[in-house]
Amino acid sequence: MNDLFSAFGIEEEELQGLEKKPAAKKEKKKKENKTTAKYKLPIQFCGGHLRRVFTDVNETAWSEEKLKSEIRRTFRELAGIYFKIHVLDVKEGSENIGTYVKPEILYSAFTQDEKLEFPLEVVAGEKTLWADTKISLDEIRRLWIQEHPEYEGCKFQYDEKQKLLIPFMDQSAPRGKAYTLPVTVGYLDIQETYQAEDFETAEVTMEALREKYSEKYPEFSKCGFAYQEGLNLLFPVPEKEDAKGNSNISLPVELKAGGFSILVQPEDFHGQNSATLDEIREVLEATYPEYSKERTEMLYDKQHFVVPILKSSRKGLQIFSNDPEWRHEIKKDKNREKWRVETTPFGIFRRNISAGGAVRFEMTAPKIPWELIAETERVFKRNPVNEYAVQIFFDRKTRGYELYEPEQQTTPGTVVFRRNMKMEREKVLVMDIHSHGRFNAFFSGVDNSDEKGIRLYMVIGNLDQREHTYALRAGMAGFFGTLSLPQIFVQEGTA
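Just so you know, these numbers come straight off a predicted model, no measurement behind them. (Residues numbered from 1 in each chain as written. Predicted model: local features only at pLDDT ≥ 70, side-chain atom pairs only at ≥ 80, totals over all residues. Heavy atoms only, no water.)

### Remarks on the packing of aromatic side chains
Part 1 of the argument: Counting across every chain of the model gives 21 aromatic pairs.
Part 2 of the argument: A centroid spacing of 6.3 Å and a plane angle of 70 degrees characterise the contact between Phe380 and Tyr388, whose relative ring orientation is edge-to-face.
Part 3 of the argument: Feature note: the residues Phe45, Phe54, Trp62 and Phe75 constitute an aromatic cluster, connected by ring pairs.
Part 4 of the argument: Stacked on the ring of Phe83, the Lys or Arg Lys68 has its end atom at 5.6 Å from the ring centre.
Part 5 of the argument: Above the ring of Phe443, the side-chain terminus of Arg473 is found at 3.7 Å from the ring centroid. (Phe/Tyr/Trp six-rings, centres within 6.5 Å; stacked < 30°, edge-to-face > 60°. Lys NZ or Arg CZ within 6 Å of the ring centre and 35° of its normal.)

Shown next, in the form of structure tokens:
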């Protein structure tokens, strides 16, 4: 027997080692059974120009594997393309339909002319185009567009096995653009032309057209469009389920953020008539650097405005509601120097942009009672080793202040806390305060990079000693100005 193992290069020592080890019990893992995903029959497949009701007299439901197999067998242009299946929520569909589904087709643009094999066929549902002799992809595109002009600018997926070219479109129409009626939405045999009487207006937005079109074709309820200006036609292009929604936005567009509004115009983009959400965010960041890419989520509203949402951070950035007491201004003084002025419900922040000076702050609300510092120190002393954070809010109705302890994680060198958005909407966040434990009070490099909101900031240190140390400053979009405690706080009985 050992000779047999030697023939396979297994040494005696290895064999003995194997014999000594008892066979480990293999834990049976339950494999995910794809057949458990059931789609109730009849199934209405909604794939734009590819539409079919699937029925089966022997079954009441199909697995995803079965459904995909039938789709590939029915529509040859999908036989060689990867796609996902998503269930549609159709509220007013046919009573006879058990499930409505749509495909998410992951097209891949083909560009290599030399790899095309002839004869080949261009296929989109019932529409076909034969190419018997070798011609370029551009020539094939020209011939296809000649028959179907709505495909202007299309790309092709190539199915090498079937020698098929499948045309598809990418989104190009910016959100928020108004279209003059009549306008056509759709392509091939699923086109709808809408008149002024359909909307009781002469112009209509893409969002309104999408809502109208998706009443008949529900798979396009979340689509974007390619716009063919010569035809005044919008070609619907389904959005991917995991898409970030960073498609182009028509300009001008109002950006509502931080208690102020900014009108973003074509001049901000060298005359371009549209921009992506991230490009619009960059315009905002130029004035308010707290709206960095890492910290900001941009949301587009179909009423054609954009709302930037600040995510939580190490020191907790603030989201302000639009409020007349918040005002952003760029002013020139008598020497024609530019000043940035931020008016808030509790004070005014100023900075000389031209001279690049420090931030100046003038308190317009009542000063903060010294008792809140004493209360803050009592909170910090509960764990004098770790950093800890609290916030001071101003109540405009009572004209008073209150201390708030956010939910947080602390270490001797860091503090990460969760913002209370409900409280920030109802009251005004005036100050962030964090401790330095047994170390002196100072603003670290992390503080400088993180504290970019427009408010006051404070550090309290040397909590293990009788005399604590304090650092206080006004912050405005990453620039700061040092303040003394008497400028902001007042002890009882003093002015």
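### A short note on the pairing of strand β32 (residues 428-435)
Part 1 of the argument: Most of β32 sits inside the fold, with eight of its eight residues counted as buried.
Part 2 of the argument: Sheet analysis places strand β28 (residues 389-395) next to β32, joined by six bridges and oriented antiparallel. Within β32, the residue paired with Phe394 across the bridge is Val428.
Part 3 of the argument: Strand direction decides the pairing type here: β32 and strand β33 (residues 455-461), joined by five bridges, are parallel. (Buried < 20%, exposed > 50% of the residue type's maximum accessible area, 1.4 Å probe, protein only. Helix = DSSP H or I, 4+ residues; strand = E, 2+ residues; numbered from the N terminus. Pairing = 2+ DSSP bridges.)

### A few points about the pairing of strand β24 (residues 338-343)
The side chains of a regular strand alternate between both faces of the sheet.
Part 1 of the argument: With five of six residues buried, β24 lies mostly within the body of the structure.
Part 2 of the argument: Both strand β23 (residues 327-332) and β24 contribute to a ladder of six bridges, which runs antiparallel. Residue pairing for β24: Ile330 is matched across the bridge by Arg340.
Part 3 of the argument: Hairpin geometry of β23 and β24 is characterised by an intervening segment of five residues between the two adjacent antiparallel strands and by a positive phi of about 65 degrees at Arg336.
Part 4 of the argument: In this structure, β24 lies alongside strand β25 (residues 347-352), joined through five bridges in antiparallel fashion. When the bridges of β25 are listed, Glu342 appears paired with Phe349.
Part 5 of the argument: Remark: three residues form the turn of the hairpin made by β24 and β25, two consecutive strands paired antiparallel.

### Quick look at the sheet that holds strand β7 (residues 120-124)
Part 1 of the argument: Across the sheet, which stays open at both edges, the four strands sit in the order β8-β7-β10-β9 with mixed pairing between neighbours. Edge positions in the open sheet fall to β8 (127-131) and β9 (155-159), since each of these has one partner strand only. Pairs of neighbouring strands in the sheet enclose a mean axial angle of 25 degrees, with direction left out of account.
Part 2 of the argument: The pairing of β9 with strand β10 (residues 164-168) spans five bridges and is classified as antiparallel. Opposite Lys155, over in β10, you have Phe168 as the bridge partner.
Part 3 of the argument: Running at roughly 145 degrees to β8, helix α4 (residues 137-147) makes contact with β7, β8, β9 and β10 of the sheet. (Axes fitted to C-alpha atoms, helices over the stretch in contact; angles between N-to-C directions. Contact = heavy atoms within 4.5 Å.)

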